[in-house]
Amino acid sequence: MKRITVCLLTLISSMVVAQKSTKTSSQKEIDSLVNLVDLYNGNTESLYKLMNRSKAINYDEGVGKVHLKLSAYFRKHNKMDSAFYHVNKTMLICKNNDFKPGLNYSYLSLGNIYGSLRNYRKSLEYYLKAYDFYKNQKDSIRYKNVQQVLVVNIASTYSVLGDYQLAHSYYTNHLNNSLFNKQSRYGAQLYQNMALNFKRQKKYELAIQWLNEGLAICLENEFVTVKNDILVDLCNIYLILNKDIEAQQTYDRIDRDHDWDKNYYLGAINLANNNLDEAENLLLESLKKENVVDRRMNSYLKLSEIYEQKEEWKKAFLNKNYYHELKDSIIKENNKNVIQNNELGFKLIEEEMLNKQLETENELLQSKNRVQFYLLFGGGILVLVGLLCFFLLIKYVRSNRKLKELKKVEKRLLEDKIELRENELNMTLTAISNRQKILLDIKNEIYKIDVGDKKIKGLKVMLKNLLLSGNNLSAISDRVESRYPGIAANLKNKHPDLSDTEIKYCLFTKLNLSTKETANILGVTADTVKTSRSRIKKKMNVPNTMGLKLYLDQITQNPN
């Protein structure tokens, strides 16, 4: 009998070990297949098959990797709603299973998505989150590529946001890193990014110097695509500096089959050489073939310069108007996409959290029922079987512990939900601030044009009305009320002398909006905001040693 028992145990153990080894090999196979999927071929069928395989063997990490790959695929194909959906799925899986590397790689992907939507501050936020994790990893070689990508992305984002010194610091620190290969394709692109940072500062000679450094690497290693990109950047800078000969020479070095707008650059070179008719024909030809909005904008701007030199003012105004319309449409579309895609992402996360909450409540109910059962059953047989009662007591303690853990999970879910609401509110405010800033920029441009034109006067009136309509903050007020119930009423009761406009200033201060963001939303100057806040502090008798934000926080916490 003992021999049979030992044999059975041995057989069961060997089956378990075999099952575990098979599952491990399957996981490795799924990981390798996910990495081999080409994001550019437009085929997602293989990824969905890999997701089903991962689910079949309960390989949550594999499911998360597939979602992340799908997110990258949809981002590259400019389908941002799907990209948000899949990256949020990955983040939920990683949070639930404590996959910290996967979660932080999701932050990197989310930063790329926001960067594609030109929401650079949100993009930078997620890049920095990911970088804080990867830079502290002991296995620096394993995460080398991720760290390099993050450093360049962070530096480039700082540069776009205007913090050129900090961007340059990130670039140079990365360049001096012993793990970094300066002679690689990645090294050439880093030199190109550093040059663009100097170009944004209008330090064109330094930009040319760094571009030539990158160009030398490309020529030595035959990095054709990067070489052509660097030559296009050089051509741009020479055109800005009115060095038409150097621009022409650089133009001639670019490969004819390179994907770029040849007619636009040749037109710009002819414009620099004062060949206005030739430049006009080339730029018009560029508009016929070019579908990229940014490039069309540049063509319209150059055409307006040509017509101004020809003193064909009507055509000049028309092309300048086309330029501003495209610029406005880009900003509006980007803001619209940001809000829509984030709302979709928030809805998806809320649905997941709701499901989790229902599951938690169900487990709580089951735990309570089990606790009651163990208590009744234990009381009934306590006299007969002491050992069994002891066993049941242990069960009761374990169930109670699980009950506390489930309550903690429920509390954490509620806190996450509040955080999501605050993020949604911040996104709405950012979109409104951007819209007001663009309208003010357009207004300033139009005010430079001849005041005597009736159409221009009409445009000014329309812009003024649009700026005023941008101050309709009913949507924001509703969201603030949902986050801080009764805050406006409490302010009015405590300080009845405050006007409606001053109440708005208080709400924006409570939301931690900067002076510039508040000015953009209300369509006023930053000095007006500062003056209004000082006046409000005096009205409310706030001590000089206390900030307005701190005082409003105290009112919110203690309304009475």
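Some words on the overall build of the protein chain
Check the secondary structure of the protein chain and you find 24 helices and 0 strands. As displayed, the protein chain offers around 32400 Å² of accessible surface, 52% of which is attributable to carbon and sulfur atoms.

Some words on the packing of aromatic side chains
Considering all chains together, one arrives at 8 aromatic pairs under this definition. Summarising the aromatic geometry, the rings of Tyr114 and Tyr126 are spaced 5.9 Å apart at their centres and angled 5° between planes, so their arrangement reads as stacked. Here Tyr126 lies in helix α6 (residues 120-134) and Tyr114 lies in helix α5 (residues 100-116), a separation of 12 residues in the sequence. Its relative accessible area of 3% is what places Tyr114 among the buried residues.

A look at the confidence of the model for the protein chain
Averaged over every residue, the pLDDT of the protein chain is 77; the share at 70 or more is 74%. For the protein chain, helix α1 (residues 2-36) is the element with the lowest average pLDDT, namely 56, and helix α10 (residues 204-221) is the one with the highest, namely 91. Ignoring residues within four places in sequence, the model shows residues 1-22, a span with pLDDT below 50, making 0 contacts including any to other chains.

Side note on a nonpolar patch on the surface
Taken together, the side chains of Phe373, Phe377, Leu384, Val385, Leu387, Leu388, Phe390, Phe391, Leu393, Ile394 and Val397 define a hydrophobic patch exposed on the protein surface, amounting to about 1100 Å² of accessible area. When residues of the nonpolar patch are traced back to their parent elements, those giving at least two are α16 (313-381) and α17 (386-447). Broken down by element, the residue count for the nonpolar patch peaks at 7 residues, all from α17. Secondary-structure assignment places Phe373 in helix α16.

Notes on the pattern of salt bridges
Summed over all chains, the structure comprises 12 salt bridges. Between Glu312 and Lys315 there is a salt bridge, with its nearest N and O atoms 3.5 Å apart. The exposure class assigned to Glu312 is partly exposed, which follows from its relative accessible area of 29%. Given a relative accessible area of 41%, Lys315 falls into the partly exposed group. Between Asp553 and Lys510 there is a salt bridge, with its nearest N and O atoms 2.6 Å apart. Of this pair, Asp553 sits in helix α24 (residues 548-557) while Lys510 sits in helix α21 (residues 500-510), and the two are 43 residues apart along the sequence.

Concerning the nonpolar core
Membership of the largest hydrophobic core comes to 92 residues, with the highest contact counts inside it found for Leu110, Ile113, Leu150 and Leu234. Looking at this core, the element that brings in the most residues is helix α11 (residues 224-240), giving 9 residues. Contacts of Leu110, omitting those with residues within four sequence positions, involve Phe84, Val87, Met91 and Tyr126.

Brief notes about the environment of Tyr120
Inspection of the secondary structure assignment puts Tyr120 in helix α6. Spatially, the C-alpha atoms of Tyr120 and Ile154 are 9.9 Å apart, while their sequence positions differ by 34 residues. Excluding residues within four positions of it along the chain, Tyr120 makes contact with Gly115, Thr157, Val160 and Leu161.

A few points about the packing of helix α3 (residues 60-76) against α5
For the pair α3 and α5, the least separation of the axes is 11 Å and the interaxial angle reads 15°. Of the possible angle classes, the one that applies to α3 and α5 is roughly parallel. Between α3 and α5 lies a crossing whose hand is left-handed. The segment α3 lies against α5, with Leu68, Ser71 and Arg75 engaging Tyr105, Ser106, Ser109, Asn112, Ile113 and Ser116.

Examining helix α23 (residues 526-539)
The end-to-end C-alpha separation of α23 is 20 Å, in line with the 20 Å expected for 14 residues at 1.5 Å each. Those residues of α23 that sit buried are Val529, Ser532, Arg533, Ile536 and Lys537. An end-on view of α23 places all buried positions within 140° of arc, on one side of the element. For α23, exposure combined with an orientation more than 90 degrees from the buried face picks out Asp527 and Lys538. Those residues of α23 that are buried are in contact with α21, α22 (515-522) and α24. Taken from the residues just after α23, Asn541 is the one with a positive phi, measuring 55°.

Concerning α22
Those residues of α22 that sit buried are Thr518, Ala519, Asn520, Ile521 and Leu522. Positive backbone phi, at 70°, marks Gly523, one or two positions downstream of α22.

Let's talk about the environment of Ser106
Mapped onto the elements of the fold, Ser106 is located in helix α5. Classification of Ser106 as buried rests on a relative accessible area of 0%. Each C-alpha atom of the pair Ser106 and Tyr126 lies 8.9 Å from the other, and the pair is 20 residues apart in sequence. Not counting chain neighbours up to four residues away, the residues in contact with Ser106 comprise Leu68, Val87, Thr90 and Met91.

Quick look at the packing of helix α7 (residues 144-160) against helix α8 (residues 164-175)
The N-to-C vectors of α7 and α8 enclose an angle of 160°; their axes lie 7 Å apart at closest approach. As summarised for this structure, α7 and α8 are arranged roughly antiparallel, according to the angle between their axes. Considering the relative orientation of α7 and α8, their crossing is left-handed. For the pair α7 and α8, contact is made by Gln148, Val151, Val152, Ile154, Ala155, Ser156, Tyr158 and Ser159 and by Tyr164, Leu166, Ala167, Tyr170, Tyr171 and His174, respectively. Residues that form the contact of α7 with α8 fall into these classes: 10 nonpolar, 4 polar and no charged.

Here's the deal with the environment of Asn298
Mapping Asn298 onto the fold places it in helix α15 (residues 293-309). Look at Asn298 and you get partly exposed, because its relative accessible area is 34%. A C-alpha to C-alpha distance of 9.4 Å links Asn298 and Leu283, two positions 15 residues apart in sequence.

Considering the side chain of Asn319
Structurally, Asn319 is set in helix α16. Looking at Asn319, its side chain comes within polar contact range of the main-chain oxygen of Lys315, at 2.8 Å. In this view, Asn319 contacts Tyr300, Leu303, Ser304 and Tyr307; residues no more than four positions away in its chain are not counted.

Rules used in this analysis
What you see as residue numbers is a count from 1 along each chain, following the sequence as written. Only residues with pLDDT of 70 or above have their local features reported here, since the model is predicted, and side-chain atom pairs are shown and tallied only from 80 upward, although totals for entire chains, interfaces and linings are computed over all residues. Where side-chain values are given, they derive from all heavy atoms of the structure, hydrogens and water being excluded. Numbered from the N terminus, helices here are DSSP runs of H or I no shorter than four residues, and strands are runs of E no shorter than two. The Shrake-Rupley method, run with a 1.4 Å probe sphere, supplies the accessible areas, and residue values consider only the shown protein chains as cover. A pair of aromatic rings is counted whenever rings of Phe, Tyr or Trp (Trp by its six-membered ring) have centres within 6.5 Å, and the orientation is called stacked for planes under 30 degrees apart, edge-to-face for over 60 and tilted otherwise. Using a 1.4 Å probe on the protein chains alone, a residue whose accessible area is under 20% of its type maximum counts as buried, one over 50% counts as exposed, and one in between counts as partly exposed. Values of pLDDT, the confidence the predictor places in each residue, fall between 0 and 100. Whether two residues touch is decided by their heavy atoms; if any such pair falls within 4.5 Å, the residues are in contact. Two distance rules govern patches: like charges are joined within 9 Å, and nonpolar side chains (Val, Leu, Ile, Met, Phe, Trp, Tyr) within 5 Å, applied only to residues with over 30% relative accessible area and no salt bridge. The term salt bridge refers to a side-chain nitrogen of Lys or Arg lying within 4 Å of a carboxyl oxygen of Asp or Glu. Within this scheme, the nonpolar core is defined by two criteria: the residues are buried Ala, Val, Leu, Ile, Met, Phe, Trp, Tyr or Cys, and they are joined through side-chain atoms within 4.5 Å. Every angle, taken between N-to-C directions, lies between 0 and 180 degrees, and every axis is a line fitted to C-alpha atoms, over only the stretch in contact when it is a helix. Here roughly perpendicular refers to angles of 65 to 115 degrees, roughly parallel to angles under 35, roughly antiparallel to angles over 145, and oblique to all remaining angles. Crossings are assigned a handedness: left-handed for a near helix turned anticlockwise from the far helix by less than a right angle, right-handed for a clockwise turn. A helix is expected to span 1.5 Å multiplied by its residue count minus one. What the arc measures is the spread of directions leading from the helix axis to the C-beta atoms. Three residue categories are used. Nonpolar comprises Ala, Val, Leu, Ile, Met, Phe, Trp, Tyr, Cys and Pro, charged comprises Asp, Glu, Lys and Arg, and polar comprises the others, including Gly. N or O atoms closer than or at 3.5 Å make up a polar contact, with two conditions inside protein: a donor-capable atom paired with an acceptor-capable one, and, for residues adjacent in sequence, both atoms drawn from side chains.

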